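Commentary on secondary and tertiary structure
Read off the chains here:
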Amino acid sequence: MRERCPTGFEERLISAYLDGELTQGEEQRVELHVEDCPHCKALLGELGRIREATMNTTFATPPDDQWDELPRTPASGIFRRLGWWLVVPWLFLVTAWGLWEAWRGSVGVLERVLVFGGLGGVALLFLSALLDRMRSAATDRYREVKR
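Residues numbered from 1 in each chain as written. Predicted model: local features only at pLDDT ≥ 70, side-chain atom pairs only at ≥ 80, totals over all residues. Heavy atoms only, no water.

**Focus on the overall build of the protein chain**
A count of helical and extended segments in the protein chain gives 5 helices and 0 strands. Order of helices (α) and strands (β) in the protein chain, N terminus to C terminus: α-α-α-α-α. Taking 2.2 N^0.38 as the reference for a compact globule, 147 residues should give roughly 15 Å; the C-alpha atoms of the protein chain span a radius of gyration of 30 Å, well beyond that estimate. Overall, the protein chain is about 80 × 50 × 35 Å in size when its C-alpha atoms are taken along their principal axes. (Helix = DSSP H or I, 4+ residues; strand = E, 2+ residues; numbered from the N terminus. Rg over C-alpha atoms; globule rule 2.2 N^0.38 Å.)

Encoded structure:
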């Protein structure tokens, strides 16, 4: 664990000093303290070097084609669309059949309320998110932006 300032100085002020977040009075307080405290002077230098290294670090940006989530070939695009056209109706039919069986089956009222209440809540949350998404899509300034 790293040592703390022997005088009890608030070291968070040194970081804020480097970020330019202090008032003029706080800046002067830090500058005066750093002149007399070798520990905080070393900390200021260390934090300054770290800040400089992070500010000058560059990252390689992948090519645009790596950002796309589109199918890579026409065949995979067709298969993806066909898959969705098969899976979505199947999911609705299986869910409807299961709910119908649960409703007319020998389950009690409590089980029905739990199943239908839970599914109703999920459906309402999905509908809420869908409506919000559709509304924001109409005015979304960034819908054409890739990446």
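**Remarks on a nonpolar patch on the surface**
On the surface, a cluster of nonpolar side chains totalling about 620 Å² of accessible area is made up of Leu124, Phe126, Leu127, Leu130, Leu131 and Met134. Looking at the secondary structure, you find Leu124 in helix 5 (residues 109-139). (Patch = residues over 30% accessible without salt bridge, like charges linked within 9 Å, V, L, I, M, F, W, Y side chains within 5 Å. Areas by Shrake-Rupley, 256 points an atom, 1.4 Å probe, with all protein chains shown as cover. Salt bridge = Lys/Arg side-chain N within 4 Å of Asp/Glu carboxyl O.)

**What to know about the confidence of the model for the protein chain**
Averaged over the protein chain, the pLDDT score is 83; the fraction of residues at 70 or greater is 93%. Averaged pLDDT values over the elements of the protein chain bottom out at 82 in helix 5 and peak at 92 in helix 2 (residues 24-36). (pLDDT = per-residue confidence, 0-100.)

**Notes on helix 2**
A rise of 1.5 Å per residue sets the reference length of helix 2, with its 13 residues, at 18 Å; its end C-alpha atoms lie 19 Å apart and thus fit the reference within 8%. For helix 2, every residue scored as buried is listed here: Val30, His33 and Val34. Buried residues of helix 2 fall within an arc of 100° about the axis and therefore sit on the same side. For helix 2, exposure combined with an orientation more than 90 degrees from the buried face picks out Gln24, Leu32, Glu35 and Asp36. (Expected span 1.5 Å × (residues − 1). Buried < 20%, exposed > 50% of the residue type's maximum accessible area, 1.4 Å probe, protein only. Arc of directions from axis to C-beta.)

**Description of the side chain of His39**
Looking at the element boundaries, His39 is found in helix 3 (residues 38-56). Residue classification places His39 among the buried positions, given a relative accessible area of 18%. Engagement of the side chain of His39 in a polar contact is seen with the backbone nitrogen of Cys5, the distance being 3.4 Å. (Polar contact = N/O pair within 3.5 Å; in protein donor to acceptor, adjacent residues only side chain to side chain.)

**A look at the pattern of salt bridges**
Opposite charge on two side chains permits pairing when their charged atoms draw close. Under the definition given, this model contains 3 salt bridges. Between Glu10 and Arg29 there is a salt bridge, with the nearest N and O atoms lying 3.8 Å from each other. In this pair, Glu10 sits in the segment before helix 1 (12-18) while Arg29 sits in helix 2, placing the two residues 19 residues apart along the sequence. Note that Arg51 is salt-bridged to Asp19, the shortest N-O span being 3.3 Å. Placement of the pair is Arg51 in helix 3 and Asp19 in the loop between helix 1 and helix 2, with a sequence separation of 32 residues. The exposure class of Arg51 is partly exposed, given its relative accessible area of 32%. A cluster of three or more residues bridged by salt bridges with shared partners is formed by Glu10, Arg12 and Arg29.

**Digging into the packing of helix 2 against helix 3**
Relative orientation of the contacting elements helix 2 and helix 3 amounts to 115°, with a least axis distance of 6 Å. Relative to helix 3, the element helix 2 lies roughly perpendicular. For the element pair helix 2 and helix 3, the recorded crossing hand is left-handed. From helix 2, His33, Val34 and Asp36 reach across to helix 3, where they touch Pro38, Cys40, Lys41 and Leu44. Taken together, the residues of the contact of helix 2 with helix 3 sort by class into 4 nonpolar, 1 polar and 2 charged. (Axes fitted to C-alpha atoms, helices over the stretch in contact; angles between N-to-C directions. Parallel < 35°, antiparallel > 145°, perpendicular 65-115°, else oblique. Left-handed = near helix turned anticlockwise from the far one by under 90°. Contact = heavy atoms within 4.5 Å. Nonpolar A, V, L, I, M, F, W, Y, C, P; charged D, E, K, R; others polar.)

**A look at the nonpolar core**
One finds Cys5, Phe9, Leu13, Ile14, Ala16, Leu22, Val30, Val34, Cys37, Cys40, Leu43 and Leu44 forming the largest nonpolar core, which totals 12 residues. At the level of elements, helix 1, helix 2 and helix 3 are the ones that each hand at least two residues to this core. Among all residues touching Cys40, those that are not within four sequence positions of it are Cys5, Phe9, Ile14, His33 and Val34. (Core = buried A, V, L, I, M, F, W, Y, C linked by side-chain atoms within 4.5 Å.)

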